[in-house]
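Secondary and tertiary structure notes
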Amino acid sequence: HFDTAVWRDWIALLQALGVHIWQLPYRPGGKPLHVHGFLQRFGKLARKNSAYYAHIAASGIPMLGLDPAMTLMYRQEYQVFADKAEWRIQLPQEWLAQWLEKRPPQPEQNAAPYYLAAHCIEKTQLNGSAHSWQRIFAHFGLRLQEVALGCCGMSGTYGHEAEHRQLSATIYAQSWQDKVQQHGERLLATGYSCRSQVKRIEGSGVRHPLQA
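Residues numbered from 1 in each chain as written. Predicted model: local features only at pLDDT ≥ 70, side-chain atom pairs only at ≥ 80, totals over all residues. Heavy atoms only, no water.

**Digging into the packing of aromatic side chains**
The following threshold applies: Planes of paired rings set the category: under 30 degrees apart is stacked, over 60 is edge-to-face and the rest tilted, where pairs are Phe, Tyr or Trp rings (Trp by its six-membered ring) whose centres lie within 6.5 Å. Helix and strand assignments come from DSSP, with helices taken as H or I runs of at least 4 residues and strands as E runs of at least 2, each series counted from the N terminus. Per-residue accessibility, obtained with a 1.4 Å probe over protein chains only, is compared with the maximum for each type, and a residue is labelled buried under 20%, exposed over 50%, and partly exposed between these values. Two limits define a charge over a ring: the Lys NZ or Arg CZ must be within 6 Å of the ring centre, and within 35 degrees of the ring normal.
Considering all chains together, one arrives at 10 aromatic pairs under this definition. Relative to Phe-81, the ring of Phe-42 has its centre 5.2 Å away and its plane inclined at 90 degrees; by these criteria the two rings are edge-to-face. Note that Phe-42 is positioned in helix α3 (residues 39-57) and Phe-81 in helix α5 (residues 77-81), a separation of 39 residues in sequence. Residues Phe-42 and Phe-81 agree in their burial class; the two are buried. What links up through ring pairs into an aromatic cluster is the set Phe-42, Tyr-52, Tyr-53, Tyr-74, Tyr-78, Phe-81 and Trp-87. Just above the ring of Phe-38 sits the side chain of Arg-41; from NZ or CZ to the centre is 5.6 Å.

**What about the environment of Gln-181?**
Relative to the elements of secondary structure, Gln-181 occurs in helix α9 (residues 165-183). Classification of Gln-181 as exposed rests on a relative accessible area of 52%. Taking the C-alpha atoms as reference, Gln-181 lies 8.9 Å from Glu-202; in sequence the two are 21 residues apart.

Here is the structure:
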């Protein structure tokens, strides 16, 4: 809905790899409800969704999400409101890094490295996330280096709110701006919020690692 190009390229990559895909019907996860304190409504939605995803997980087919903040919500916030759900939704790099281990790697390319700007939630909640991305890039003969960055200043809906716009831009300038200008199109960002912030301030966005 918000970043269709990345979703489309993710599907295209999986199809190019010969992976058969099922797309589940759209179901709101409830992240904005939780962020803005509507916890009763969030809990009701989380329990309803948890029962649904448990049913899907019983098929044995891996479930994948794309955005770190949204996908990791099912592991943290849902675990509080949905009675310790045992099903699991993986981020692309978690599943893809393991899947590629059984396939022959491609020859190393003499190309300039890419630089990874991981989402804050991804860095704090998913140990080894950057390493998984590096394994994936290495499989395709590409180099990927992690960049040390703080918050981009968007922080979910925070940076979209008018009263926070200036502070949001200030936070971006403290950490992201120099790296974006230094690495240009070689800088890749996993978070939708981060890519939105770059596009808003710089006028042109950065790509998701899957697109590279």
